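A structural walkthrough
The residues making up each chain are set out below.
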Amino acid sequence: MKKLMTLIGILIICISLVVSGCTKTDSTNETNQLRENEQTTNLPEEEQQPANISEEDPPQPSIPGEKEQFEVTESDKISGWNELKARVYLFKLEINSEGMSWSPLPDYKMTTFSLHFPDNWMFNGSSVFNNQDTKVAEIVPVAEANITIDDLFKNYQPSVISGEELISKELFEVNGYQGLRIISKNQVPWYPHKYYISNGSNIFSMFFYSFGINESEQQLFEKVISTFKFRDETFSN
């Protein structure tokens, strides 16, 4: 009888320990879940959705209404090249101490342009050109010309974010447009060749990427830029 009472006592103790452990685990899980919810809810607004996107991360907007269009066909001007026609949204361009930034305009205005590029460059359908696995060029959002190319030349500041080192900047003309060419070095290390072209109403920007200062690459970049045109006509896609 004494042995039976002892066994019953041990059994009761074991059951109490198991119940206590389960209750503690459930309480811990609930506490952790509450903390996770609080952290998600209390994220700063700027972390959830940046107000604008810097030069190092050109924006890809999701804007209601008419869609952007991109059409790639075989070039009728340069053998072994393709032609890109694009209809895209206009952005606001700003220059500050950290470099340049683009932000969407509230009225969703659009513009159309075209350029030719080597057929061994693959266009990703929105902004980037790749040669095999390497990014070689990128179309930066077209901006309303709230500043002139001369102003851009005078006020351009190397990007603090990328640790940019300015190598050269010079004005040029192409197809009746005024342009600015900037060559710099980033910490990555890339050697961006940046082209800004204005027709007085809009500013087109295109960046080319190189691992060094290479004369043959520079000639290729210049050839691509020499084909650029703002256009007015619509096209099918």
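The structure we're discussing is the one just above.
Below is a short write-up of the structure. (Residues numbered from 1 in each chain as written. Predicted model: local features only at pLDDT ≥ 70, side-chain atom pairs only at ≥ 80, totals over all residues. Heavy atoms only, no water.)

This part covers the overall build of the protein chain. Each helix and strand in the protein chain was counted, giving four helices and 14 strands. Buried residues in the protein chain amount to 37% of all 237 residues. Considering only contacts within the protein chain whose residues lie at least 6 apart along the sequence, 57% involve residues at least 24 apart. On the protein chain, roughly 14300 Å² of surface is accessible, and the fraction owed to carbon and sulfur atoms is 50%. (Helix = DSSP H or I, 4+ residues; strand = E, 2+ residues; numbered from the N terminus. Buried < 20%, exposed > 50% of the residue type's maximum accessible area, 1.4 Å probe, protein only. Contact = heavy atoms within 4.5 Å. Areas by Shrake-Rupley, 256 points an atom, 1.4 Å probe, with all protein chains shown as cover.)

Sheet analysis places strand S2 (residues 69–74) next to strand S3 (residues 81–89), joined by six bridges and oriented antiparallel. Opposite phenylalanine 70, over in S3, you have alanine 86 as the bridge partner. Linkage of S2 to S3, two consecutive antiparallel strands, is achieved through a turn of six residues, within which glycine 80 is found at a positive phi near 80°. (Pairing = 2+ DSSP bridges.)

Right, let's get into the sheet that holds S2. An order of S2-S3-S6-S14 is seen for the four strands of this open sheet, with the pairing classed as antiparallel. Each end of this open sheet is capped by a strand with a single partner; those strands are S2 and strand S14 (229–231). Strand-to-strand twist of the sheet, defined as the mean angle between neighbouring strand axes without regard to direction, takes the value 25°. Bridge count for S3 against strand S6 (residues 110–118) is nine bridges, and the pairing is antiparallel. Bridge pairing in S6 places tyrosine 89 opposite methionine 110. (Axes fitted to C-alpha atoms, helices over the stretch in contact; angles between N-to-C directions.)

For the rest of this paragraph, the subject is the nonpolar core. By size, the foremost hydrophobic cluster in this structure holds 31 residues, and its most contacted members are Leu84, Phe113, Leu115, Phe129, Phe204, Met206 and Phe208. Contributing elements (two or more residues each) for this core: S3, S6, strand S9 (134–144), strand S10 (165–174), strand S12 (193–198), strand S13 (202–208) and helix H4 (215–226). Apart from the residues lying within four places of it in its own chain, the contact partners of leucine 115 are Asn82, Glu83, Leu84, Phe129, Ile139, Phe204, Met206, Val224, Thr227 and Phe228. Core analysis: the next-biggest nonpolar cluster, separate from the first, contains 18 residues, Phe91, Met110, Tyr156 and Phe207 among them. (Core = buried A, V, L, I, M, F, W, Y, C linked by side-chain atoms within 4.5 Å.)

Below, the discussion takes up the packing of aromatic side chains. All chains considered together, the criterion is met by 17 aromatic pairs. Ring plane angle 80° and centroid distance 5.9 Å describe the contact between phenylalanine 172 and tyrosine 195, whose orientation is recorded as edge-to-face. Here phenylalanine 172, found in strand S10, pairs with tyrosine 195, found in strand S12; they are 23 residues apart in sequence, far enough to count as distant. Site record: aromatic cluster; members linked through ring pairs are Phe70, Phe117, Trp121, Phe123, Phe129, Phe172, Tyr195, Phe208 and Phe221. The cationic tip of arginine 181 hangs over the ring face of phenylalanine 172; the distance from NZ or CZ to the ring centre is 4.8 Å. The ring of phenylalanine 207 has lysine 194 sitting right over it, with the charged end atom 5.3 Å from the ring centre. (Phe/Tyr/Trp six-rings, centres within 6.5 Å; stacked < 30°, edge-to-face > 60°. Lys NZ or Arg CZ within 6 Å of the ring centre and 35° of its normal.)

For H4, with 12 residues, the first-to-last C-alpha span of 16 Å sits near the 16 Å given by 1.5 Å per residue. Taken residue by residue, H4 has Phe221, Val224 and Ile225 as its buried positions. For H4, the arc enclosing every buried residue in end-on projection is 100°, short of the 170-degree limit, so these residues lie on one face. Exposed residues pointing more than 90 degrees away from the buried face of H4 are listed as Glu215, Ser216 and Gln219. Close packing links the buried residues of H4 with S3, S6, S10, S12 and S13. (Expected span 1.5 Å × (residues − 1). Arc of directions from axis to C-beta.)

Looking now at the environment of isoleucine 161. In this fold, isoleucine 161 is placed in the loop between helix H3 (149–155) and S10. Distance from isoleucine 161 to asparagine 186, taken between C-alpha atoms, is 9.7 Å for residues 25 residues apart in sequence.

All right, on to the pairing of S9 then. Among the 11 residues that make up S9, eight are buried, leaving the element largely enclosed by the rest of the structure. Taken together, the four bridges between strand S8 (residues 128–131) and S9 define a ladder with antiparallel strand orientation. Note on S9: the bridge partner recorded for valine 128 is glutamate 138. Linking two consecutive strands that pair antiparallel, namely S8 and S9, is a turn of two residues; a positive phi of about 60° is found at glutamine 132 within it. Pairing of S9 with S13, which is carried by six bridges, proceeds in the antiparallel orientation. What sits directly across from alanine 137, in S13, is phenylalanine 208.

Take isoleucine 139: it is sitting in strand S9. On the accessibility criterion, isoleucine 139 (8% relative accessible area) is buried. Taking the C-alpha atoms as reference, isoleucine 139 lies 8.2 Å from phenylalanine 204; in sequence the two are 65 residues apart. Excluding anything up to four places from it in sequence, isoleucine 139 contacts Leu84, Phe113, Leu115, Ser127, Phe129, Phe204, Ser205 and Met206.

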